[in-house]
Amino acid sequence: MSNIFKRIKESLSLSNKRVRRVAMSPFYVLSLLPYRALYVLSDCLYIILYRIIGYRKKVVRYNLDMVFPEKGEKERKEIERRFYRWLGDYFVETLKLLSVGKETFLKHARFEGVEEMERCFDEGQHCAAMLGHYGNWELLSATDLALKRWGTHTVKQDGGTATKPVTCGLIYHPLHNKYFDLLFMEIRQALHGVCIPKKNILRKLVEYRRENRLTLFGYIADQSPKWENIHLWLNFLGRETPVFTGAERIMRKMENAVFYVDAERPRRGQYVFTFKLITREPSNMDKNEITRRYFEMLEESIRRDPAIYLWSHNRWKRTHEEFECRNRER
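Anyway, here's the lowdown on the structure attached to this text.

The rules behind each value
Residues numbered from 1 in each chain as written. Predicted model: local features only at pLDDT ≥ 70, side-chain atom pairs only at ≥ 80, totals over all residues. Heavy atoms only, no water. Helix = DSSP H or I, 4+ residues; strand = E, 2+ residues; numbered from the N terminus. Buried < 20%, exposed > 50% of the residue type's maximum accessible area, 1.4 Å probe, protein only. Axes fitted to C-alpha atoms, helices over the stretch in contact; angles between N-to-C directions. Parallel < 35°, antiparallel > 145°, perpendicular 65-115°, else oblique. Left-handed = near helix turned anticlockwise from the far one by under 90°. Contact = heavy atoms within 4.5 Å. Nonpolar A, V, L, I, M, F, W, Y, C, P; charged D, E, K, R; others polar. Salt bridge = Lys/Arg side-chain N within 4 Å of Asp/Glu carboxyl O. Core = buried A, V, L, I, M, F, W, Y, C linked by side-chain atoms within 4.5 Å. Phe/Tyr/Trp six-rings, centres within 6.5 Å; stacked < 30°, edge-to-face > 60°. Lys NZ or Arg CZ within 6 Å of the ring centre and 35° of its normal.

1. Some thoughts on unusual backbone geometry
Thought 1: For R56, which is not a glycine, the phi torsion comes out positive at approximately 50 degrees.
Thought 2: Mapped onto the elements of the fold, R56 is located in the loop between α3 (35-52) and α4 (57-67).
Thought 3: In this structure R56 comes out as partly exposed when scored by relative accessible area, which is 43%.
Thought 4: Here E255, not a glycine, exhibits a phi torsion of approximately 55 degrees, which is positive.
Thought 5: Relative to the assigned elements, E255 resides in the loop between α10 (246-254) and β9 (257-267).
Thought 6: With relative accessibility at 35%, the residue E255 sits in the partly exposed group.

The structure is reproduced here in structure tokens:
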């Protein structure tokens, strides 16, 4: 009898592919709407999130006040308002990934600097990209669509050439809500990207190398680390900030070519992602220098157009003073 109930439970699980498709169907249907209609929906989200419920407004306002003390209240309020408009756009643009075709997608997202990545692939070097919660980072799950030789690459090897498959994707932190975790997995993998939980990435990279695959994975590296994972503090946006160094350690170990992904939004519905090379020899750089350079470049991006950064994240909830106090108590 227990086995019967177990099978019923498994058949109704969100991990079951058929059930998952049914569960995702409302979002999929919404994703079929044209961009123009989705942006009308975004305008409604803006009113709900900003005007009605004030989604994380205190956090947003606190962050903007701390980062831009030189700006007047009116200017900060304008950034705040533009941020919430962009946040609604982020949701609908991300949803659109469930059904958008390659040609339509590339009309809304342009990728620059990929030639340097292709040169790395030509020479058999794996790549890694560091990005922040800036612009619509979800669109980068489809970076391989911008490669001229999408899916495979011809590599110079032993005086000749060899064809190797290319795997592109994002490293992510699983969400606590299983339904939304599966939804975002479906979204991020809809255009051939691969999603790997951060705890599994090193093992997967080793597996890909054994399979003779070239790889490009994106590391969203501006989250706030837990107390036990703080190994470095940097000045970021004028604030002393704890930062992750795990991405850099992996890149050094794997000898990746390291890129920073800059994002620009010339107008609504249009993004330009530029891959800027940081180094092709990570092990030759000083310890933490890759992480430092990444945060310098991210700050340049944010100050250029602050409205498209994720200000609703409580980035500075951990202070150096409390960190030192905790260490003394151990």
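2. Points about the packing of α3 against helix α5 (residues 73-96)
Thought 1: Between α3 and α5, the shortest axis-to-axis distance is 8 Å and the interhelical angle comes to 135 degrees. Classified by the angle between their axes, α3 and α5 sit oblique to one another. At the point where α3 passes α5, the crossing takes the right-handed sense. Here Y35, L38, Y39, L41, S42, D43, L45, Y46, L49, Y50 and R51 of α3 lie close against α5, whose contacting residues are K77, E80, R81, Y84, R85, L87, G88, D89, F91, V92, E93 and K96.
Thought 2: In the contact of α3 with α5, the residues fall into twelve nonpolar, two polar and nine charged.

3. So, the pattern of salt bridges
Thought 1: One pass over the structure, following the stated rule, counts 24 salt bridges.
Thought 2: We note a salt bridge from E73 to K77, for which the minimum N-O separation is 3.8 Å. In this pair, E73 and K77 are both assigned in helix α5, four residues apart and thus about one turn of the helix distant.
Thought 3: The class for E73 is exposed, based on a relative accessible area of 56%.
Thought 4: A relative accessible area of 33% places K77 in the partly exposed class.
Thought 5: A salt bridge links R303 to E299; the nearest nitrogen and oxygen atoms lie 2.9 Å apart.

4. Comments concerning the nonpolar core
Thought 1: Core analysis: the biggest nonpolar cluster contains 88 residues, and W86, F105, Y219, F273, F275 and W311 have the highest contact counts within it.
Thought 2: Examining the composition of this core, we find that eight residues originate from one element, α5, more than from any other.
Thought 3: Those residues in contact with F275 that lie beyond four places of it in its chain are F111, E112, G113, V114, M117, A129, L140, T143, F259, Y260 and V261.

5. A closer look at the packing of aromatic side chains
Thought 1: Applying the stated criterion across every chain, the model contains 21 aromatic pairs.
Thought 2: Relative to Y84, the ring of Y50 lies with its centre 4.7 Å away and its plane at 20 degrees, an arrangement referred to as stacked. With Y50 in helix α3 and Y84 in helix α5, the pair connects residues that are 34 residues apart, well separated along the chain. With respect to burial, Y50 and Y84 carry one shared label: buried.
Thought 3: Of the aromatic side chains, those joined through ring pairs into one cluster are Y46, Y50, F83, Y84, W86, Y90, F91 and W137.
Thought 4: Sitting over the face of the ring of Y46, R85 holds its NZ or CZ atom 3.9 Å from the ring centroid.
Thought 5: Taking NZ or CZ as reference, R318 lies 5.4 Å from the ring centre of W227, over its face.

6. Section: the side chain of R265
Thought 1: Following the sequence through the fold, R265 ends up in strand β9.
Thought 2: The exposure class assigned to R265 is buried, which follows from its relative accessible area of 19%.

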